[in-house]
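Understanding the architecture of this molecule
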Amino acid sequence: MSVDTDLIVESLRKRGHAVESVIKVPDNAGDYEFIVDGATLTLDETRGLLERDQAENRHAPIPPKTAVTTGS
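Now for a look at the structure at hand. Owing to the predicted nature of the structure, the values given are computational and were not obtained by experimental measurement. (Residues numbered from 1 in each chain as written. Predicted model: local features only at pLDDT ≥ 70, side-chain atom pairs only at ≥ 80, totals over all residues. Heavy atoms only, no water.)

Attention now goes to the sheet that holds strand E2 (residues 32–36). Strand order in this open sheet of three strands is E1-E2-E3, and the pairing throughout is antiparallel. Two strands lie at the open edges of the sheet, namely strand E1 (19–24) and strand E3 (39–42), each paired on one side alone. Neighbouring strand axes in the sheet, compared pairwise and without regard to direction, differ in orientation by 20° on average. The strands touched by helix H2 (residues 43–55) are E2 and E3; relative to E3, the strand with the most contacts, the crossing angle is about 100°. (Pairing = 2+ DSSP bridges. Helix = DSSP H or I, 4+ residues; strand = E, 2+ residues; numbered from the N terminus. Axes fitted to C-alpha atoms, helices over the stretch in contact; angles between N-to-C directions. Contact = heavy atoms within 4.5 Å.)

So this is what it looks like as C-alpha cells:
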C-alpha cells in the first residue's frame, strides 16, 4: 500500500495541527505513525482526525485580503 505522507502532513498543517514527525514502522505494525499536536497517532487515527476536521468544516485560517492598486 502506497501512502502519501507528505500530503497527509500538508493537510494536517493546513488545518492548524502541529506535525512533529512521521515515523516509518515495521510492516507488521501498520506502516506509519504521526506525531500530531504532541500525540502519537497511527495512520488510521490520523486519517480519522482529518475526517473529523472535514466534518467540522475545519480549515486553515484565511489570510486577510490585501488591497491591489493598479496604475491608470
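Read on for the rest.
Close approach of charged atoms allows side chains with opposite charge to pair. The full count for this structure, using the stated rule, is two salt bridges. Among the salt bridges present, the one from Glu10 reaches Lys14, with a minimum N-O distance of 3.1 Å. Here the residue Glu10 and the residue Lys14 both occupy positions in helix H1 (residues 5–14), the gap between them amounting to four residues, near one helical turn. Residue Glu10 is classed as partly exposed on the basis of its relative accessible area, which comes to 41%. Overall, the relative accessible area of 47% leaves Lys14 in the partly exposed class. (Salt bridge = Lys/Arg side-chain N within 4 Å of Asp/Glu carboxyl O. Buried < 20%, exposed > 50% of the residue type's maximum accessible area, 1.4 Å probe, protein only.)

That is the geometry; function is a separate question.
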